[in-house]
There are 4 protein chains.
Amino acid sequence: MTDSPHFNLDLDGDTLREECGVFGILGHPDAGALTALGLHALQHRGQEAAGIVTFDSRQFHSERHLGLVGDHFTDPATLAKLPGTIAMGHVRYSTTGETILRNVQPLFAELEVGGIAIAHNGNFTNGLTLRRQLISEGAICQSTSDTEVVLHLIARSRRQSSSDRFVDALMHLEGAFSLVAMTRTKLIGARDANGIRPLVLGDLDGKPIFASETCALDIIGAKFVRDVQNGEVVICEIQPDGRITIDSVKPFAPRPERLCLFEYVYFARPDSVVGGRNVYGARKRMGINLAREAYIDADVVVPVPDGGTPAAIGYAQQSGIPFELGIIRNHYVGRTFIEPSQSIRALGVKLKHSANRAEIEGKRVILVDDSSVRVTTSVKIVQMIREAGAREVHIRVASPMITHSDYYGIDTPDPEKLLANQHADVESMCRWIGADSLQFLSIGGLYDAVGGRPRNPLSPQFTDHYFTGDYPTPLTDLDGSTRHEPRQFALMREAG
Amino acid sequence: MTDSPHFNLDLDGDTLREECGVFGILGHPDAGALTALGLHALQHRGQEAAGIVTFDSRQFHSERHLGLVGDHFTDPATLAKLPGTIAMGHVRYSTTGETILRNVQPLFAELEVGGIAIAHNGNFTNGLTLRRQLISEGAICQSTSDTEVVLHLIARSRRQSSSDRFVDALMHLEGAFSLVAMTRTKLIGARDANGIRPLVLGDLDGKPIFASETCALDIIGAKFVRDVQNGEVVICEIQPDGRITIDSVKPFAPRPERLCLFEYVYFARPDSVVGGRNVYGARKRMGINLAREAYIDADVVVPVPDGGTPAAIGYAQQSGIPFELGIIRNHYVGRTFIEPSQSIRALGVKLKHSANRAEIEGKRVILVDDSSVRVTTSVKIVQMIREAGAREVHIRVASPMITHSDYYGIDTPDPEKLLANQHADVESMCRWIGADSLQFLSIGGLYDAVGGRPRNPLSPQFTDHYFTGDYPTPLTDLDGSTRHEPRQFALMREAG
Amino acid sequence: MTDSPHFNLDLDGDTLREECGVFGILGHPDAGALTALGLHALQHRGQEAAGIVTFDSRQFHSERHLGLVGDHFTDPATLAKLPGTIAMGHVRYSTTGETILRNVQPLFAELEVGGIAIAHNGNFTNGLTLRRQLISEGAICQSTSDTEVVLHLIARSRRQSSSDRFVDALMHLEGAFSLVAMTRTKLIGARDANGIRPLVLGDLDGKPIFASETCALDIIGAKFVRDVQNGEVVICEIQPDGRITIDSVKPFAPRPERLCLFEYVYFARPDSVVGGRNVYGARKRMGINLAREAYIDADVVVPVPDGGTPAAIGYAQQSGIPFELGIIRNHYVGRTFIEPSQSIRALGVKLKHSANRAEIEGKRVILVDDSSVRVTTSVKIVQMIREAGAREVHIRVASPMITHSDYYGIDTPDPEKLLANQHADVESMCRWIGADSLQFLSIGGLYDAVGGRPRNPLSPQFTDHYFTGDYPTPLTDLDGSTRHEPRQFALMREAG
Amino acid sequence: MTDSPHFNLDLDGDTLREECGVFGILGHPDAGALTALGLHALQHRGQEAAGIVTFDSRQFHSERHLGLVGDHFTDPATLAKLPGTIAMGHVRYSTTGETILRNVQPLFAELEVGGIAIAHNGNFTNGLTLRRQLISEGAICQSTSDTEVVLHLIARSRRQSSSDRFVDALMHLEGAFSLVAMTRTKLIGARDANGIRPLVLGDLDGKPIFASETCALDIIGAKFVRDVQNGEVVICEIQPDGRITIDSVKPFAPRPERLCLFEYVYFARPDSVVGGRNVYGARKRMGINLAREAYIDADVVVPVPDGGTPAAIGYAQQSGIPFELGIIRNHYVGRTFIEPSQSIRALGVKLKHSANRAEIEGKRVILVDDSSVRVTTSVKIVQMIREAGAREVHIRVASPMITHSDYYGIDTPDPEKLLANQHADVESMCRWIGADSLQFLSIGGLYDAVGGRPRNPLSPQFTDHYFTGDYPTPLTDLDGSTRHEPRQFALMREAG
C-alpha cells in the first residue's frame, strides 16, 4: 500500500473541474447496497473514484476506491463492510492523474457531537479564500478538495446540533453546490441559492433518498418526489421512535432558480428528468431546432456517438434526411481513456471511434455533435470521415459556442484556450476543423428546446455563462487571485 | 503472484463457448504496438484476456493478461517488453469464472527447429478426441484449451519446416478454425475447409497482416487485401535478404465456403466487412426484411441496445414508424458484467439498461433485438418497458429462432435449454416473455439480407446450423461422448 | 486502492503500545536514501510500517508504506520520489491488525508559514485529553495516532516561526517523547523532560543527524556526537548562506534524566550505545549478575533466541556451564508473526523456535530469557524442551518481574493480565510454566548491570515503573478515563 | 495478473544452482496444512517460491506462490483451497531474478492413468541432454525447470501403473535427486543411487511422511523412522480398504552412499539429523577441529552470523578464548537480500551485519565462518571489523577451500570465478581479504567432525567434489556442452 500525500501534488491552478454525482438514503436495511446501485446509475457524472459511508447505529463505516463503482462496490465483501440503515455516496471525476484516495468523497469528521460525512457536486467560487483563512486559524487540511473547507466550517461552528452546524457552514459558501450530508440520525440534502447543480428527493417504501439525477431512483425502483429547490436544505431524520421526519429550511436570501444548461446539453443521462424536463427529449428538440436553424441538403445524418445521438435523431426527423450510424464507437476503451500512453494518445480518436465506411463513402454527411467542448476530437473525426470517402462533411452542433470558462464544476478550458477565443469567426473555425460547413444552435434555440420559452435576458431561466458570460454568482477566488499571489495555494486546489 | 493450475478446474463439459479474435503482422518495426491496436479493435470478440507474442530476431517475447487490451497493452512499459518486427495476438472470451492465465493465447512451443506460437478463433469438433489420443501417447497438456492440441500435433509432426509441420497438424483438425501462427521468420494464417470463422489479409506499407475482421485493419490505417479463403493456408515469410514473400497452400479437399451467419447477426463489428459484405448494412437489411415480414402498427421503434440498433433503424425506415432511444444503455458496466455479485445479479438487466420513460409512456412500442440468444434479458426488458408505461410491447427479432446448439465457438446453450425447445410454439414463447406479439425474421429473409440470394438448400451459402440443424462438419467429440465416458475429460475442455 | 478510514476502526482502548524509531538528516544530497538506511538499522523498533518525508527546496515529498523498510525503500523508484537535502523518517509497530496508512508517520501539516512534518517515538499520557479538547475547539483529526495532536497544537500556536510553534506545542505534552520535526529549513530533535525514550545527535561530513539509536549512525558511517539531553530541543537549520547552525533550547523545568530500562533489557539493538552504555555489554552483565544471584548446577546454558543470547553468554561465562544453541530460531517467520491464521497460531511458538534435541536430551538445561513479557512463549518453550528430553529445565530471566503496566510506548498488558498479578508468588508461576525452577534478576542487579551503581530510591537513575510502580510523570488520560466515559474516544487511540 | 513465459528468459547457462526442500504426507485429514508447516521448517532450503499439491479423492488441487511459505500458506483461505488427505510440497531457491511461477514446483501432469505430481531436490547432470532428446521427439516443455523432463519421461513410459512409470523415468536420470511424487493413491519418495541429497521417512500417527530434513518432522510432532536409502524408491499407498502399505524398491545398480558434505557444512538446519548425525554437533566439532588445526592466540572468538555460530562455539570451547557476539545480524533484511537496488547493493554487507564495537575495539579477533563461498562478504566483514577498532583479525573457516564447481544443486560459481582459482595460495588470498591470518579446516578434519572417521580415498564416505574434484557421477551435460553448441538450450536451464 502506498500513499502520495497532498503536499506532493503539483496541480495546475487552472486545472479543469468536472461534475460529480451524489446519492443518499435514510432508514433502509440495504442502505449500502442501494447506494452502490444509485452511484452506478450516476457513473456518467464521475468515473475516477467512488466512496460510500454508512452508519449502523454504532459506528460509521467507509469504503472509498479509485475506479468505477462496478469495479469495487459489487463485491459482496465490500458491501459487507458497509452495514447500517443510513448511507450516502459520491462518484468523482478529475482530469488530472493525481487523484488520490484522500480526496475521494464522502469526507468525514468526528465532531464533539458525533461524526458527520459530506459529499459535494459543484464548485465553490470562494473555496481557496476560505481555505487560506482556515489555515491561518490553525486548521490542518488533509485533502486538496475544496469540499474539506465545509468540514472545517462545520467543526468550527458554534451551533449545537450537527444539522445547525451544517447550515451554518453553508452560509459561508459561494458558487455551486448540491451537497448531501449524514450524521448518526440525519440525511441532509442542500442546493445553492441559484440551484446550479441538480438534486432530487426520492422515496423507496417511505425511505427518503437524495440523488443527483432521477436515473439513480429508477435503478432501484424508487419514486421521484420532487426536486430539492434552489436555496433549500432538506433534513431527513430518524426519530427515536423510528419515524422518519422531513424538514425543509431556506437559510439563504431567495433567488430565482438558474439550473445549469450543460446538464441538458451534455452531463445528465438521457433518461433522467432534470428540473422537470426529460433530457432525451430536450436533446432531440435541440436537434430539431438545429435542423430548422441550420438545414443543409445531404445524404445522411450521422451522430458523433454517443452524445450527439438524440440531437441527430431530431435533426434527421425534422430534415427528412436518413439517420445512419456512420461512426461506430468502441465501448471497450475503458481505462485507456483515463491514462493513455503517449504513443497511443497520438493515434487519438480512433481508439474510441471508427468510420462505418459503407455508410459514408461517396455521401454528403451531416455530423451532429452535442457541444463544442472537444474540438480536437472534431478535427480528427472530420478527417476520419473524409478518409472514409465522404463527399461533403457538415458539422452541426446542438448547442451554442462556448465563449467563457465555467467555475461551477464543469471541465472547461481557460478562456484563452477556448476555441471561440482562438478564431476570429465561425468560418475560420470551420476551415481549421476541415469541415465544409459548421453551424451552432442559437441560445434562443437552446432555451426553446429545454424550457419551451425564449431566454429572459433580465433574469435568465438557466445559467448559461459559458455561452453568454452572465455568471450567476461572484467569483471571489478568481478576482482575488488576480490581485494577490493567486498561485500560492494553487496546489491545494481540486474540485468535486 | 498466484496460480490455480488446470487440474483444479471444475468446468462443465456443456459449458458455453464464445468467439475470439486474432491478429498478426510481419516485418514492421512497431509490430507489438500495432498488434495491441488491432486487438483493441477486435475487443468485442473477447473481453476476458489478451496476449501478444513478438520475435525480435533473437528471442520470443510474450505478454498475456486477464482483462481488456486497454487495461494492459497501452502501458508503454508493457509494449517495451514486446520488441521485434513479427507479432501476433489474441483476445479471448470465456463464460466461466475459471479463466486462468495459462489458457490465454497465443500458446507457444519450443520445437527442435525453433519456437512457434499459435492463436485460434473457433472450436475443434474433435478436440477432446485428439487430446485423449495425445495424452495416451505421452503428451503433457498444460492448458485446458483445445488449441493446445495443435501445438502437440506440430511438435510431433515428422515434417521438417515449422510451416510444413503446421499444415501437417491442420490435417487432423475438424470443426471451425481461423488460426494465426508465427515462427522466427514466418507469419501464417489459416482457415478451415468450410471457412466458418472469418480471417482477412491486410497490408500496411507492404507488410502483411492477418486479422479476424477488417476493423482491425482500419484502426491502424492498413489496407484490406482479401479474405483468406476457406481451406487456405497463407504463409508470409521474411527472406534472408529482407524481402517478404507470401505463399498460399490449399491442403484440404476443396469445399464451398460456409461462413457463419452469426458473424453478421451478432459477432462482427458493424463497420467490418465480412466475406465482402458490410455488417451494418446487412443488419439494417435484416431490419428492413423484418418490417416487410412482420409489420405491426405502433408509435415507436426502439432498439435493444446496442446489438438491435442497426436492424431497428432498418425497421423504422421501412415501416415509417419513428426510431427512438427508448432504452438507455449504461456504458460503465465494465467489470460488473464479468463477475457480478449474487445480490447484484438478481437485479439483472437494469444495471445495463434503463427505460427512457418519456419515449415509452402511453406508447405502442416495437422492440427490435438482434437474436433470440438471451431470453432472460428479453423477459426483463419487456417488464421494464411495461413498468415505464408502454401501452403495447411488440418484439421483433432480426434473425430466425435458434433451434440447435453451436459447436464452432459460439456461446449457445445446450439443446434442452434452448428457448425453442422449451416452448411448443412462438405464441407460448411470447406469453412467457410477456410481449403482446413476437416475430422472428425468416431464414429466407436473413439470407436475402446478408447474401442477396435465397438459401440454396442443397449447398447453403453460409453455415446456419443453429437455425436449421444442418451442421457443416462431423461432430466427433459429441458423437463419441454419447458412447464412451463422455465426461472423463470434460474438465479439460475450454474453447478459444 | 482501498481505504478503511479511522472511524471504521474498532480499537480496544486497552490495546498494547510499542516502540517506534525516528531518524532525520539535514543538508545532505542523499538525504532520502540515508534516511531509508537509518530506518533499516532501526527496523527492530517497528516492523509494521515506515515513512519518509523529504524537502527539495521547492516542495515536500512523502512516501509511507505498510511493511518493512527493505520491502519498499530499497526500490530506486521509491527513492527517486524522495529528492531533497532534508529528510526524516519513522518506523512503527502496532500489535493490532488495524494499522492504516493514515496513521503511518511522519505526519504532515501545511501551516500558514509553510509545511511541517513530525515523527514520534513514545506515548503521551495526556494524548486523549488533548485530542478531546482540540475536537471541541473545531479540530478535525484524520488519524487515530496520538501524534496528530502535536500537529494541531503547532497549527494553533500563536507563535510566529515553525520552530517556536513546535516548542510551544511541546509545552502541552505529558509522557514520553523523542520527537523529530522538519520544516523547509530546519531539522529539530526533542526529548521529553525525563528523557524516557532515547535520541542521539550524529554527524555525517558536517551534516547533523537525529536517530533513536547509534546503530542508525553506524550503518551510514556517521559519527556519534552526543545524546540529545532530557528536556532538550536541538534545532538544526540551513542558513540562507548554506551554513548549518545548531541551537539548543531547554524549555521545560529541569529534571534528572530517567531513561527507560527496557531499552537495555529488550528494545535497543545490542550494538547500540544508549545513554553512553553499550547494550550488548549491559545485557551480558545482566547474565553475569543473574548467575551470581541465581546460580544452579546444570549441563548447558541455552539462550531463548535472540533476546536471551547476550545474557546467556554472560551466565555461561560466570557460571562455567557450557553455552549451547539448544533452541534454533527460524529466521523466515517473517509475515507469519504479524498476521498468523488461527490454526497456525494454535501451533504457537514452534513456528519460530525448535529444540536442538542433540544438545538437550538427557541434560539439565538452564534457559536464559531477557524478560517476563511473553509468558505464553515460556510455557511453550519449556514444554518443547521437555519433549526434546531435557532432564531438568531451569528458567533464569535477566530482568525483574514486570508488575505494572507501561504507558510510555511499550507493549505491556493491562495490569490484571500481567503474569505477576495472576500468581501469588514465583513458585506458583514456576509451576504454571512447568519449569523446575524460575528466578528473576533483582532490580539491584539490573541497575548494577546497566549503570554500575545501586538504584537511588529517592531519585532513580532510570525509569523502572514496570518493575516498581514508580511512574515518572502524571498519567492524565488514565486517571481521567476512570472518571468520565473512558471508552468514548477509545477508537481514536493508537500509539507511535 | 501477468505472465512472462519461459521463452522470454535470458538465463545464463552457467548460472548458479541452489538447494530445494521437499515434503509429502499420505492419509492425513490435514495433509495440506501439515505440508505447509513442513515446508516452513524447510524454508532455509529455498526462499523464493513454494508450492503444494493435494488430492481429495476427487481431484488434484494446487497452490504455487512466489515468496515465503509464511507469506501465503498461513492464510486460511489458501489452505481451504488445498483439501484432501494426500499432499506434497516444495520450496525453491533461485539466484536469478527471473523466477517464474510456471517453474515453481510441484509440477503436475495428467496421464492416461491419472494425474501425477513431482517435486525435486537436486540437479540432473544429464537434464539438458534429456530435454533436447524429448523435444526432438515432440515433447512440449512449459517450464525451464530440469524437473519437467521427469514428467515427460513418466508420460512416455510404456509401463502401466503410475509408480512403475515413475521408476521407469528414474532410470534415465543422472546426478542428484531426492524426489517426492504423488498420484491419486500413492506417495513416493526416491533418492539417487549415491544418495547425494537427503530424504527422510517419518510417521505421524501411522501416516507416512517424506521430508528433506528431520526438522520438518519435528515441527508437526512426527516421528523420524529412517533415512530413505541411496538408490531406494519408497512407495506408500492407500489401499482400497484404507490401509496404508509401504513398499521399497531398489531399481538401480547398488552403490555406496555418498551424502553431500555441504549439507553438514552449510545447508541443513542445525537441529536436523542428517544421515544419522546431528548437524549442530557436526558443525561444533568442525570448530573444535579447526581450533586444533589452526589455533591462534586472541582475545575473542566472533562468529560470522548465523552460519559460523556453532563452529565458533566449538572453537571457543576448545581454545578457551571467550565467545562473543562481535557482529550483530539484522534479521529484517527480508526481501532486500532477494532484490537489492544497485545503490543499496553497493553498501553491501552492512545491511545485514554490523560490528558490535564494544566487543571489537582494541581486541585481537578470531572470525569463524562456515565456508569460503562468499568471499566478497568476507572482505567487507574484515573491513567492518577493522573500522570498529580491532587490533588483529584472524579468519578461521570451518571447512576446506572450495576448488571445484558443484553440479548437484548447490550454488557455486564457475570454476574460473572460484576464489581458489584466482589466487596462487592462501597467503595471497589472505592479503586480498585483508586479514592478518586465514586458515581452512582440512578435509580430514571435516570428515572427522562429520563422520568420526578419516576419508577413505578409494571410496569416500561422502561426496566432497567441491573440495577434491572427485565427482560421484558422470557430468553428461557439461561434457556434451563443450563439444556441440552448448548454449543453444541454455535459456531452458534452471535447477530445483
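Caption draft 1: How the structure looks around the overall build of chain A. Looking only at helices and strands, chain A has 18 helices and 23 strands in total. Residues counted as buried form 65% of the 496 residues belonging to chain A. Residue pairs in contact within chain A that sit at least 24 positions apart in sequence constitute 69% of those at least 6 positions apart. Of the accessible surface of chain A, which amounts to about 16,200 Å², a share of 50% is contributed by carbon and sulfur atoms.

Caption draft 2: A look at helix α5 (residues 147-156) of chain A. For α5 of chain A, the buried fraction is high: ten of the ten residues fall into the buried class. Turning to α5 of chain A, its buried residues number three or more, namely Thr147, Glu148, Val149, Val150, Leu151, His152, Leu153, Ile154, Ala155 and Arg156 of chain A. Where the residues of α5 of chain A are buried, they touch β5 (107-111), β6 (114-124), α4 (127-136) and α6 (162-170) of chain A together with α5 (148-156) of chain C.

Caption draft 3: Structural view of the interface of chain A and chain B. Contacts between chain A and chain B engage 46 residues on the former and 45 residues on the latter. Between chain A and chain B the total buried area reaches about 4,100 Å² when both faces are included, carbon and sulfur atoms providing 59% of it. Among the residues chain A hides against chain B, the three largest losses belong to His40, Tyr280 and Tyr332 of chain A. Together they make up 15% of the total. At the boundary of chain A with chain B, the tally comes to two salt bridges. With a shortest N-O distance of 2.1 Å, Lys284 of chain A and Glu324 of chain B are connected by a salt bridge. Of the residues contributing to the side of chain A that touches chain B, the split by class is 19 nonpolar, 16 polar and eleven charged.

Caption draft 4: Quick peek at the packing of aromatic side chains. Within the structure shown, the criterion is met by 54 aromatic pairs over all chains. A ring pair is formed by Tyr466 of chain C and Phe467 of chain C, whose centres lie 5.0 Å apart and whose planes are at 85 degrees; its orientation type is edge-to-face. For the pair Tyr466 of chain C and Phe467 of chain C, one class covers both residues: buried. When the centroid spacing of 6.2 Å and the interplanar angle of 55 degrees are considered together, the rings of Phe262 of chain D and Phe267 of chain D count as tilted. Looking at Phe262 of chain D, the relative accessible area reads 1%, which means it is buried. Residue Phe267 of chain D is classed as buried on the basis of its relative accessible area, which comes to 8%. Counting every residue linked through ring pairs, the aromatic cluster contains Phe262, Tyr266, Phe267, Tyr466 and Phe467 of chain A.

Caption draft 5: Just the environment of Asn103 of chain B, in detail. Residue and element names in this part refer to chain B. Counting through the fold element by element, Asn103 comes out in the loop between β4 (86-92) and β5 (107-111). Among the residues examined, Asn103 registers a relative accessible area of 0% and is labelled buried. Placed 44 residues apart in sequence, Asn103 and Thr147 show a C-alpha to C-alpha distance of 9.0 Å.

Caption draft 6: Main features of the sheet that holds strand β12 (residues 233-238) of chain A. Residue and element names in this part refer to chain A. A sheet is described by the order of its strands in space; here six strands give the open sequence β5-β6-β7-β8-β12-β13, paired in antiparallel fashion. Strand pairing shows two members of the sheet lacking a second neighbour, β5 and β13 (244-249), which therefore form its edges. The mean angle between the axes of side-by-side strands here comes to 20 degrees, regardless of whether they run parallel or antiparallel. Across five bridges, β5 lies against β6 in antiparallel orientation. Along β6, the bridge assignment pairs Phe108 with Ala117.

Caption draft 7: The sheet that holds strand β6 (residues 114-124) of chain C, seen in detail. Residues and elements named next belong to chain C. Here six strands make up an open sheet; going across it, the order is β5-β6-β7-β8-β12-β13 and the pairing antiparallel. The sheet terminates laterally at β5 (107-111) and β13 (244-249), the two strands that pair on one side only. Strand-to-strand, the axes of this sheet are offset by a mean angle of 20 degrees, without reference to chain direction. Bridging between strand β12 (residues 233-238) and β13 involves six bridges; their strand directions are antiparallel. Within the sheet, the bridge partner assigned to Val233 lies in β13 and is Val249.

Caption draft 8: Quick look at the relation of the copies chain A and chain B. Placing chain A over chain B gives an RMSD of 0.1 Å and needs a rotation angle of 180 degrees, together with 0.1 Å of translation along the axis. Expressed as a symmetry operation, the mapping of one chain copy onto the other fits a two-fold axis. Taken as a fraction of all interface residues of chain A, those also at the interface in chain B reach 98%, which identifies the copy contact as same-surface.

Parameters and conventions
- Chains are numbered independently. Their residues run from 1 in the order of the written sequence.
- Each chain gets a letter, beginning with A, and each ligand a number, beginning with 1, in the order they are written.
- Per-residue local features are limited, in this predicted model, to residues with pLDDT of at least 70; the limit for side-chain atom pairs, both in listing and counting, is 80 or more; totals at the level of whole chains, interfaces and linings are taken over all residues.
- Just so you know, side-chain values use all the structure's heavy atoms and leave hydrogens and water out.
- Each helix corresponds to a stretch of at least 4 residues labelled H or I by DSSP, and each strand to a stretch of at least 2 residues labelled E; elements are numbered beginning at the N terminus.
- The buried label goes to any residue with under 20% of its type's maximum accessible area, the exposed label to any with over 50%, and the partly exposed label to all in between, with areas taken from a 1.4 Å probe on protein chains only.
- Contacts are assigned to residue pairs that have any heavy atoms within 4.5 Å of one another.
- Exposure was quantified through the Shrake-Rupley algorithm and a 1.4 Å probe, taking into account, for residues, occlusion by the shown protein chains and nothing else.
- Accessible area that two parts lose when put together, evaluated with a 1.4 Å probe and summed over both, is termed the buried area.
- Any Lys or Arg side-chain nitrogen found within 4 Å of a carboxyl oxygen on Asp or Glu counts as a salt bridge.
- As a working rule, the residues Ala, Val, Leu, Ile, Met, Phe, Trp, Tyr, Cys and Pro are called nonpolar, Asp, Glu, Lys and Arg charged, and the rest polar, with Gly in that last group.
- Aromatic pairing here means that ring centres of Phe, Tyr or Trp (its six-membered ring) are within 6.5 Å. Orientation follows from the plane angle: under 30 degrees is stacked, over 60 is edge-to-face, and everything else is tilted.
- At least two DSSP bridges between two strands are required for those strands to pair.
- The convention used is that axes are lines fitted to C-alpha atoms, helices contributing only their stretch in contact, and that angles between N-to-C directions extend from 0 to 180 degrees.
- Here the copies are superposed with least squares, the fitted atoms being C-alpha atoms of residues at a pLDDT of at least 70 in both.

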